[in-house]
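Working through the structure, step by step
In case you want the letters, here they are:
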Amino acid sequence: MTQSDVTNRLEMRGISIEFPGVKALDEVDFSVRRGEIHALVGANGAGKSTLMKVLAGAYDSYDGTIWFDGVPLTIDSPAAAKRAGIEIVYQEVDTALVGYLTVAENICLDVLTNGQLKGFIRRQRYEEIAERALRKLKASIDVRQRVSELRLAEKQLVLIARALVQESRFLILDEPTAPLSGRETEQLFRIIRELAEEEQLGVIFISHRLQELFEICESISVMRDGKLVSRQLLAGQTKETVVEQMLGRRLRQSKREARPAGAPSLELDRITVTGQLNQVSLTVRAGEVIGIAGLVGAGKTELCKTIFGSLPVTAGSIRLHGETRHVRSPYDAVRLGIGLVPEERRKEGILVADPIDQNMTAASLNQFVNRFGFLQKTKERTAAKQIVQQLSIKVSSTEQRAADLSGGNQQKVAIGKWLLADASVLVLDEPTKGVDVGAKAEIFQVIDQLAAEQKAVIYASSELDELLAVTDRIYVMYDGKIVFETTTAETTEEQLLWYATGGQQNE
Amino acid sequence: MNDVLHEPTAKPDTPRTAPGKPVLRFLNDWGIVLAILALILFFAMTAPNFLQGTNLVNILRSISIVTIIAIGLTVSLTVNGFDLSVGSTATFASSLVVSFFVWYSLPLGVSIGLALLIALTVALVNILLIVKFKIPDLFATLATMFIFEGVAMTYTGGGSISAGMPRLDGTPTVGLIPESFLKISQAPWIILIMLVVVAVTHVFLNHTRHGRFLYIIGGNPEAAHLTGIRVNRYRAIAYLIAGLLAAVGGILLASQVGSSQINAGSGYLMPAVAAAFIGSSFAGQGKPNALGTLVGACLVGILENGLVMLSVPYYSLNIIKGAVLALALASTYYRFKKN
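Values in this document were obtained by computation on a predicted structure and should not be read as measured data.

**A word on the overall build of chain A**
- A count of helical and extended segments in chain A gives 19 helices and 20 strands.
- Along the longest, intermediate and shortest principal axes, the C-alpha atoms of chain A span 75 × 55 × 45 Å.
- Buried positions account for 49% of the 507 residues belonging to chain A.
- Sequence separation of 24 or more characterises 68% of the internal contacts of chain A that already satisfy a separation of 6 or more.

Next up, the structure:
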């Protein structure tokens with residue numbers, strides 16, 4: 001490598017990191033130059049967030065080296081990363097901000113903690129610093145305002161301003177546009193371009209929205225399964241070639257036979273939830289499994305919770321078995337025969353501290369009381385045992401705590417709960433999140449069983465290959481809307497990803 | 001993005017108790033019972049009258065009110081809700097019931113019923129603040145604690161009420177406190193009431209679906225909500241039960257004292273909290289439960305009774321009672337952390 005090549009270049013060489021059971025990063029080489037706007041893409045689980053966390057000092061041990069300007073750096077803590085001039089803006093901006101402090105105090109947070117400002121702190125002093133930083137961003141935010149009063153886009157700017165105050169050389173933006181409107185995104189892009197040009201800031205831009213990468217980035221790194229697949233200029237690439245590299249293969253048509261479906265079980269007619277869902281219509285029939293495809297933030301979880309009565313519907317109607325129904329709360333939903341297996345299994349799906357039988361009967365306790373209102377615990381246990389057998393859940397006894405089960409078995413418990421409640425419509429939100437490959441296959445089997453029992457199943461996932469494997473029809477969501485509908489037999493992963501990343505119909 | 005790699009899937013959960021440490025587990029589950037036995041042994045040796053039948057009945061009688069209030073608190077704790085206002089509710093109920101007798105000469109049943117009903121406004125305000133306005137339970141009930149302490153005092157004109165005393169405006173009163181009312185707090189009755197309250201609550205919490213729902217909500221309100229349980233309704237019910245039992249405690253208190261005293265109920269908050277927390281580790285339950293609370297109240301009661309017998313001055317008792325509470329809390333929260 002020649003001298004000019006390493007000048008102003010941040011390089012990660014041979015980075016590997018392992019979590020229990022998985023090699024998250026495998027000999028990854030990655031580099032970005034000051035002044036460059038560089039895209040980092042990959043499917044879910046490809047390792048891009050892990051790689052950026054290494055760079056931001058979130059891990060204290062990993063294999064490989066990091067260099068800047070031809071000099072090796074030690075990055076083993078967030079403070080070390082900041083000293084090296086690397087700043088990260090995570091997708092969840094609130095985790096890095098202190099809501100009840102002012103904008104100025106938040107912007108100066110790092111300078112305060114690293115001791116650049118010493119002694120008594122004069123308010124004017126850091127308000128000046130903050131104002132100067134915000135001026136560079138051409139942002140009109142009152143520095144005395146509390147951060148908790150800001151809009152999301154403004155909070156992002158506060159974090160970027162904090163990076164500027166630190167005189168950072170590299171800025172990592174993790175999915176910065178996911179929560180932004182079109183206009184806010186444009187404004188953010190303008191700011192990023194200016195910073196790259198005028199401040200010689202190197203920007204690493206992570207996004208699922210491929211379209212916008214072409215607008216703002218000059219080069220791109222693609223990751224897959226913990227490895228770097230390619231690093232190249234974006235000029236000459238197309239969205240299709242990038243998708244191909246992300247997936248690692250051209251996808252054949254799926255050969256799934258559609259299941260025979262009965263009458264419509266659940267129909268949504270132009271359901272709108274302000275700020276979350278926009279005129280969503282869909283139908284799912286008895287014995288049918290439909291997929292809701294979409295990337296993180298597309299509105300899948302919101303849709304699932306809306307069907308389950310957990311979000312307030314502003315417009316539109318819901319029909320169950322042909323009759324219009326009001327589902328105003330999960331309580332209503334359960335009584336009408338709708339079940340939800342939520343995305344956050346341990347937080348929302350199961351009762352970790354409680355035994356398996358109590359988990360299973362939680363939604364159907366009415367069936368387990370005698371006429372004096374007392375619980376029939378033996379009956380509960382018998383019913384739980386039956387479900388344990390039916391779904392082949394691996395437990396030592398039904399009195400075992402749910403916390404002690406593996407992820408896949410916990411998920412089956414969460415599904416089993418709705419079998420006991422005799423739900424006719426089952427909504428599964430990212431049901432394979434955090435379960436291993438073997439358990440995934442078993443969950444698919446369970447879903448097949450459910451369909452065979454004439455349940456209507458809604459399967460929401462950002463894992464497109466899973467949707468192709470398990471569903472009969474697929475709706476693709478983007479930005480709170482359904483943008484595409486297809487039978488599973490007629491689509492490909494590429495086509496789904498195309499629509500899920502904001503691709504247009506007629507291309 | 002949701003990078004599943006950050007949540008290592010293979011990580012097993014730590015079991016509730018460390019295997020290979022049965023001694024620790026036994027101590028944790030049965031520690032209160034051991035402590036009670038140790039205390040009994042200690043006081044029996046140091047205070048000669050301690051083991052006499054009359055004294056034991058005395059102890060049971062003295063813990064009755066604490067237990068009943070603590071049982072209410074236990075129910076609110078099942079939904080993970082704390083109720084600091086139980087002492088004020090008790091005071092309020094005791095002022096009300098005595099005033100109904102003395103000022104208005106109302107009959108026994110009506111007086112008690114009305115007092116219970118009106119005292120429930122404390123619970124209603126708690127529900128409004130906690131369930132509707134989403135104020136953290138500790139702060140909301142801290143506020144109602146003061147509000148209703150004040151309401152009770154304002155109602156009684158800042159003084160006590162007893163038979164023969166004139167009203168606030170100076171008009172003489174003719175009402176008497178019925179003998180039958182004073183009887184309620186006598187030996188068999190008050191203990192029976194306590195035992196019934198404990199038994200009914202135990203059955204309610206452990207053998208009805210409502211009790212199950214309360215525990216589910218306490219364990220994970222979000223999961224409870226997404227299971228179709230009406231979380232807010234059950235939280236409201238829990239605070240209502242806590243308020244009701246606190247009011248029952250207040251009425252028994254009035255019966256015991258034979259008059260209404262300022263802030264009479266406030267002294268019951270601390271021992272009730274202690275009893276409920278001490279009891280939550282009883283028999284390895286690891287959650288607030290009625291039987292445990294009774295045992296916890298016994299521990300507190302025996303401690304107090306024995307110390308008095310040993311002539312520890314009353315003004316120093318709070319040091320020991322407070323320390324016991326701190327110990328109980330430490331054992332509860334320390335365990336949680338290990339989980």
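**Here's the deal with the overall build of chain B**
- Across its full length, chain B carries 13 helices and 0 strands.
- Seen in sequence order, chain B has helices and strands lined up from the N terminus as α-α-α-α-α-α-α-α-α-α-α-α-α.
- A globule of 339 residues ought to have a C-alpha radius of gyration of about 20 Å, and chain B, at 22 Å, matches this closely.
- When its C-alpha atoms are laid out on the principal axes, chain B stretches across 80 × 55 × 35 Å.
- Within chain B, the fraction of its 339 residues that count as buried is 43%.
- Here the contacts in chain B between residues at least 6 apart in sequence split such that 76% fall between residues at least 24 apart.

**Focus: the sheet that holds strand 20 (residues 481–487) of chain A**
Residue and element names in this part refer to chain A.
- Overall, mixed pairing links the 6 strands, which are arranged 16-17-18-13-19-20 in an open sheet. Every other strand in the sheet has two partners, leaving strand 16 (338–341) and strand 20 as the edge strands with one partner each. For this sheet, the mean angle separating the axes of adjacent strands, direction not counted, is 20°.
- Across the sheet, helix 11 (residues 300–307) touches strand 13 (289–293), strand 16, strand 17 (425–429), strand 18 (456–461) and strand 19 (473–478), and the angle it forms with strand 17 is around 155°.

**Things to note about the domain arrangement of chain A**
All names here are of chain A.
- Parsing chain A into structural domains produces domain 1 (3–247) and domain 2 (264–500).
- Measuring from the centre of the C-alpha atoms in domain 1 to the corresponding centre in domain 2 gives 36 Å.
- In this assembly, 6 residues from domain 1 lie in contact with 9 residues from domain 2.
- Here the residues of the side of domain 1 that touches domain 2 are counted per class, giving 4 nonpolar, 2 polar and no charged.

**Let's talk about the packing of helix 8 (residues 209–219) of chain B against helix 10 (residues 231–257) of chain B**
Residues and elements named next belong to chain B.
- Closest axis-to-axis distance for the helix 8/helix 10 pair is 10 Å, and the angle between their directions is 105°. Here helix 8 is positioned roughly perpendicular relative to helix 10, judged by the angle of their axes. Together, Phe213, Leu214 and Ile217 of helix 8 and Val231, Tyr234, Arg235 and Ala238 of helix 10 make up the contact between the two elements.
- Its residues assigned to classes, the contact of helix 8 with helix 10 comprises 6 nonpolar, no polar and 1 charged.

**Focus: the packing of helix 1 (residues 22–46) of chain B against helix 12 (residues 290–309) of chain B**
Residues and elements named next belong to chain B.
- Running from amino to carboxyl end, helix 1 crosses helix 12 at an angle of 20°, the nearest separation of the two axes being 10 Å. Relative to helix 12, the element helix 1 lies roughly parallel. Taken as a pair, helix 1 and helix 12 cross one another with a handedness that is left-handed. For the pair helix 1 and helix 12, the contacting residues are Ile32, Val33, Ala35, Ile36, Leu39, Ile40 and Phe43 in the first and Val295, Gly296, Cys298, Leu299, Ile302, Leu303, Gly306 and Met309 in the second.
- In terms of residue class, the contact of helix 1 with helix 12 is built from 13 nonpolar, 2 polar and no charged.

**Here we look at the sheet that holds strand 6 (residues 86–89) of chain A**
All names here are of chain A.
- Strand order in the open sheet formed by 6 strands is 6-7-8-3-9-10, and the pairing between neighbours is mixed. Strand pairing shows two members of the sheet lacking a second neighbour, strand 6 and strand 10 (227–233), which therefore form its edges. Strand-to-strand twist in this sheet, taken as the mean axis angle between neighbours without regard to direction, amounts to 20°.
- Summarising the sheet, strand 3 (residues 37–42) and strand 9 (residues 219–224) pair through 5 bridges and their orientation is parallel. Bridge pairing links Leu40 to Ser221 in strand 9.
- The strands touched by helix 2 (residues 48–55) are strand 3, strand 6, strand 7 (170–174), strand 8 (202–206) and strand 9; relative to strand 7, the strand with the most contacts, the crossing angle is about 150°.
- On the sheet, helix 10 (residues 239–247) packs against strand 3, strand 9 and strand 10 and is oriented at approximately 30° with respect to strand 9.

**Focus: unusual backbone geometry**
All names here are of chain A.
- Phi is positive for Glu175, close to 50°, though the residue is something other than glycine.
- Summarising the element assignment, Glu175 is placed in the loop between strand 7 and helix 8 (182–198).
- Overall, Glu175 belongs to the buried group, with 20 C-beta atoms counted inside 10 Å.
- Residue Asp422 is not a glycine yet carries a positive backbone phi of 60°.

**So, the pairing of strand 12 (residues 277–285) of chain A**
- Where strand 11 (residues 264–273) of chain A meets strand 12 of chain A, 6 bridges bridge the pair, whose relative direction is antiparallel. In the sheet register, A:Glu267 faces strand 12 of chain A, and the bridge partner there is A:Thr283.

**Observations concerning the nonpolar core**
- Among the nonpolar cores identified, the biggest contains 249 residues, and A:Ala130, A:Ala161, A:Phe205, A:Val427, B:Ile69 and B:Ala272 are the most heavily contacted of them.
- Here this core spans two domains, since at least three of its residues come from each of domain 1 (3–247) and domain 2 (264–500) of chain A.
- When residues no more than four places from it in sequence are discounted, the contact partners of B:Ala272 are B:Val66, B:Ile69, B:Ala70, B:Leu73 and B:Val86.

**Overview of helix 8 of chain A**
Residue and element names in this part refer to chain A.
- Relative to the 24 Å expected for 17 residues at 1.5 Å per residue, helix 8 spans 24 Å between its end C-alpha atoms, a close match to the ideal helical length.
- For helix 8, every residue scored as buried is listed here: Leu188, Ile192, Leu195 and Ala196. Axial view of helix 8: buried residues confined to an arc of 95°, hence all on one face. Helix 8 presents Gly182, Arg183, Glu197 and Glu198 as exposed residues on the side facing more than 90 degrees away from its buried surface.
- Considering only its buried residues, helix 8 is in contact with strand 3, helix 7 (152–165), strand 8 and helix 9 (210–216).

Cut-offs used in this document
Residues numbered from 1 in each chain as written. Chains lettered and ligands numbered in written order. Predicted model: local features only at pLDDT ≥ 70, side-chain atom pairs only at ≥ 80, totals over all residues. Helix = DSSP H or I, 4+ residues; strand = E, 2+ residues; numbered from the N terminus. Buried ≥ 20, exposed ≤ 12 C-beta atoms within 10 Å, placed from the backbone. Contact = placed C-beta atoms within 7 Å. Rg over C-alpha atoms; globule rule 2.2 N^0.38 Å. Pairing = 2+ DSSP bridges. Axes fitted to C-alpha atoms, helices over the stretch in contact; angles between N-to-C directions. Domains from an automatic or database assignment. Nonpolar A, V, L, I, M, F, W, Y, C, P; charged D, E, K, R; others polar. Parallel < 35°, antiparallel > 145°, perpendicular 65-115°, else oblique. Left-handed = near helix turned anticlockwise from the far one by under 90°. Core = buried A, V, L, I, M, F, W, Y, C linked by C-beta atoms within 7 Å. Expected span 1.5 Å × (residues − 1). Arc of directions from axis to C-beta.

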